[in-house]
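Results of the structural survey
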Amino acid sequence: MAMAGESSGKKIGDCDGKVAGNRQRKVGLIYDETMCKHDTPDGEDHPECPDRIRVIWEKLQLAGVSQRCVVLGSSKAEDKHLQLVHRKDHVNLVKSISTKQKDYRRNRIASQLNSIYLNGGSSEAAYLAAGSVVKLAEKVAEGELDCGFAIVRPPGHHAEADEAMGFCLFNNVAVAASFLLNERPDLGVKKILIVDWDVHHGNGTQKMFWKDPRVLFFSVHRHEYGGFYPAGDDGDYNMVGEGPGEGFNINVPWDQGRCGDADYLAAWDHILIPVAREFNPDVIFLSAGFDAAINDPLGGCCVTPYGYSVMLKKLMEFAQGKIVLALEGGYNLDSIAKSSLACVQVLLEDKQIQGPPEAYPFESTWRAIQAVRKRLCTYWPSLADELSWKLINQKTPTPIILISSSDSETEDDAQGLLDQMSKLSIENPQGTLLENHQVEPASTSWRADLAKVDVWYASFGSNMWKPRFLCYIQGGQVDGLKKVCVGSMDKSPPKETVWETFPHRLFFGRESSVGWGVGGVAFTNPLANLIDQTHMCLYRITLEQFNDVLSQENGLNVDSDSPVFDLAALQLVDNKGSILEAPLNSWYGNVVCLGKERDIPILTMTCTLSAVEKFKSGEIPIRPPAKAYANTLIRGLVEGGRLSKEEAEAYIDKAVSKPL
């Protein structure tokens, strides 16, 4: 594999690629294997791994794309440039974190930060990541390059002025943008558009330019009312900037997973592109996280390489195509490689790749877009007009089960999902649009019926600890849980709590989860057997509340206009006596009836039988739980009076070590 700066690519001054006007575009690339030295301290698996940038570079080489680009050597950032956006103490900490003097303190420092690991290679990688984006941006602003892609890690958009978080040490894009504005005024860059399409909100970048009208920051991300990482209100559409920067911060918050090409392109066409035309930037930075891609283990969205290529192509119309892409997130190696290739091909002005079948945005997407337009129209006249009824009626109903909550993520087949989306009806089954184009509240008639019926919800995972389970009922968050739960509509506590043992196999699987980070989460085999015994905590709740728990466990909004699991479904599992494998592409989409307690059905939720076979074959990984997740199970077993601490630890160790 060729390294950055070797003969695999063109040098500045060489030309290759398709003609753009009367000349050929010069596309810059930066990649350095040294950034792969940033790794977990003991080599344990982690989503933000060195292979993320390796697979991108290999993909570009195998496709013959890197050879047509200008390959630049990496460059370390200067402290004075880092301090344009970061405090001196933070810069000094990152600089010194990999020194021998910090060896004994490194893990402790990382443990005090939010979603950060550190090792002996972290400092150098962080300096190279930030410095390489600065170098590429300078070359583009100077006109030596037309555009480029910095294939760097660690990512940057979560890093704040005085804090590393969310896998990010320095805010690479913010450092480079501030460098152009403040250190190189001679280049004439007076207005910068930063577009962040990473599935997580770019909280660090937002805060760094909160009061700066020279920077228009646009972020489209999963938000889920503040429940999705990095959590809180920062990613809300009401966060528009302050003082002279008011109106120059635009958030488009998705309130669910599964958003795909149609949703993102709708946000482009009806928010970003009109505003970009008014703003008229001199340079565009793209925080190019690819964790909204299909099959990403943390993102839970469905953007295809085609979708990324179209979004980038639309941005090429501005700033004379002076665009600097910097890698952010993206944790499915196949998806980030293909998506990166599609984007570089756009920069080279190659023929656009073929797209998936046509689909429409979700209803919730149109609601988000309308809310953003209404909030920002006083600053951007292009957003003032109401969207037509004909346009917003082209929609896909909100899916019954989405993906990613405290424990779950997606396992859906990408092409199957696209086919399914293309066939979905675009009719609104219930509500109508009011004159101001706001959607009527969902019908709640089903809730009154289901509130009259009690069930036992049997938990075998983190919900065995009652304070954790109450997050699903009353909302909130417990220690170790990285996601705030919205809670149920009916926040009444369980009427009773009892413990039972059931003849099902407990095991732990999946690489990581949104709620608990890296490590497996609990499942039970839906089929009973005579050998295994699993402890379960039974909560007596209403069928309405069970629906809300099931919805949150699988990422569905609890304000749905129809139940996920209705009285007919309850009767079906009751009569069948065992399993209802619902046609849901989710981790906990299989409702299992375990019997009855005092003539009240006992229901649990777990994976499907087909998923169990994939766990057995290794197609879906078996993984031990993270410490925080395991401790939650232990607390549930101990505080529930079921086992002693030593017995609970042994119980979990047995489930982890015993082959499935």
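Residues numbered from 1 in each chain as written. Predicted model: local features only at pLDDT ≥ 70, side-chain atom pairs only at ≥ 80, totals over all residues. Heavy atoms only, no water.

1. Points about the pattern of salt bridges
Rule in force here: Counted as salt bridges are all cases of a side-chain nitrogen of Lys or Arg within 4 Å of a carboxyl oxygen of Asp or Glu. Secondary structure follows DSSP: runs of H or I at least 4 residues long count as helices, runs of E at least 2 residues long count as strands, and numbering of each begins at the N terminus. Think of it in three bands: with a 1.4 Å probe and only protein chains considered, a residue is buried below 20% of the maximum accessible area for its type, exposed above 50%, and partly exposed in between.
All chains considered together, the criterion is met by 31 salt bridges. For Glu-138, the salt bridge is made with Arg-184, and the minimal N-O distance between the two is 2.4 Å. Of this pair, Glu-138 sits in helix α5 (residues 122–142) while Arg-184 sits in the loop between α6 (172–182) and β6 (192–196), and the two are 46 residues apart along the sequence. The class for Arg-184 is buried, based on a relative accessible area of 16%. Across the pair Arg-598 and Glu-597 runs a salt bridge, and its minimum N-O distance is 3.8 Å.

2. Details of the nonpolar core
Put simply, the rule reads: Side-chain atoms within 4.5 Å are what join buried Ala, Val, Leu, Ile, Met, Phe, Trp, Tyr and Cys residues into a set we call a nonpolar core.
Grouped together as the largest cluster of nonpolar side chains are 129 residues, with contacts concentrated most on Trp-197, Tyr-264, Trp-268 and Phe-285. Element by element, the count of residues in this core is highest for α5, at 12 residues. Formed by 65 residues, the second largest nonpolar core is a distinct cluster that contains Trp-465, Tyr-472, Trp-499 and Leu-603.

3. What to know about the sheet that holds strand β9 (residues 283–288)
Strand pairing in a sheet relies on backbone hydrogen bonds. The paired strands run either parallel or antiparallel. Using the following cut-off: Strands pair, by our definition, only if DSSP identifies at least two bridges between them. Axis definition: a line fit to C-alpha positions, over the contact stretch in the case of helices; interaxial angles, taken between N-to-C directions, run 0 to 180 degrees. What makes two residues a contact is simply this: any of their non-hydrogen atoms within 4.5 Å.
The eight strands are arranged β4-β3-β5-β10-β9-β6-β7-β8 in an open sheet whose pairing can be described as parallel. The outermost strands of the open sheet, each flanked by one partner alone, are β4 (70–72) and β8 (249–254). Neighbour-to-neighbour, the strand axes of this sheet turn through a mean angle of 15 degrees, independent of strand direction. In terms of strand pairing, strand β7 (residues 215–222) meets β8 through six bridges, oriented parallel. Each residue of the ladder has a partner; that of Arg-222, found in β8, is Trp-254. Contacting β3 (27–30), β4, β5 (147–150) and β10 (323–327), helix α1 (residues 51–62) crosses the sheet at an angle of about 130 degrees to β10.

4. Some remarks on the packing of helix α9 (residues 305–315) against helix α10 (residues 333–347)
We apply this condition: Here the angle decides the label: under 35 degrees means roughly parallel, over 145 means roughly antiparallel, 65 to 115 means roughly perpendicular, and every other value means oblique. Each crossing gets its hand from how the near helix is turned against the far one by less than a right angle, where anticlockwise is left-handed and clockwise is right-handed.
Closest axis-to-axis distance for the α9/α10 pair is 8 Å, and the angle between their directions is 30 degrees. Taken as axis vectors, α9 and α10 run roughly parallel relative to one another. α10 is crossed by α9, and the crossing has right-handed handedness. On α10, the residues touching Pro-305, Tyr-308, Ser-309, Leu-312 and Lys-313 of α9 are Lys-338, Ser-339, Ala-342, Cys-343, Val-346 and Leu-347.

5. Topic: the packing of aromatic side chains
Two descriptors summarise a pair of aromatic rings, namely the distance from one centre to the other and the angle between the planes of the rings. Selection criterion: Classification of ring pairs rests on two measures: the distance between centres of Phe, Tyr or Trp rings, Trp counted by its six-membered ring, which must be within 6.5 Å, and the angle between planes, read as stacked under 30 degrees, edge-to-face over 60 and tilted in between. For a lysine, the NZ atom is tested; for an arginine, the CZ atom; a charge sits over a ring if that atom is within 6 Å of the ring centre and within 35 degrees of the ring normal.
Taken as a whole and assessed by the stated rule, the structure comprises 24 aromatic pairs. Taking 5.6 Å as the distance between ring centres and 85 degrees as the angle between the ring planes, the aromatic pair formed by Phe-248 and Trp-380 counts as edge-to-face. One end of the pair, Phe-248, is in the loop between β7 and β8; the other, Trp-380, is in the loop between α11 (363–376) and α12 (389–392), with 132 residues separating them in the sequence. The burial state of Phe-248 is the same as that of Trp-380; both residues are buried. An aromatic cluster of at least three residues, connected via ring pairs, comprises Trp-197, Phe-218, Trp-268, Phe-290 and Tyr-308. Its end group placed over the ring of Phe-279, Lys-191 keeps NZ or CZ at 5.4 Å from the ring centre.

6. Some points on the pairing of strand β11 (residues 454–459)
Of all six residues making up β11, six are buried, and the element is well covered by its neighbours. Burial along β11 is two-sided: the face carrying Asp-454, Trp-456 and Ala-458 and the face carrying Val-455, Tyr-457 and Ser-459 are both buried. Bridge count for β11 against strand β17 (residues 534–542) is six bridges, and the pairing is antiparallel. Bridged to Asp-454 within β17 is Thr-542. Examined bridge by bridge, β11 and strand β20 (residues 600–606) share two bridges and lie parallel to one another. Bridged to Trp-456 within β20 is Ile-602.

7. A closer look at the environment of Leu-347
Within the fold, Leu-347 resides in helix α10. Of the residues examined, Leu-347 reaches a relative accessible area of 0% and is grouped as buried. Spatially, the C-alpha atoms of Leu-347 and Gly-148 are 7.4 Å apart, while their sequence positions differ by 199 residues. Setting aside residues up to four positions removed in sequence, Leu-347 forms contacts with Arg-25, Val-27, Cys-147, Gly-148, Leu-312, Met-316 and Leu-325.

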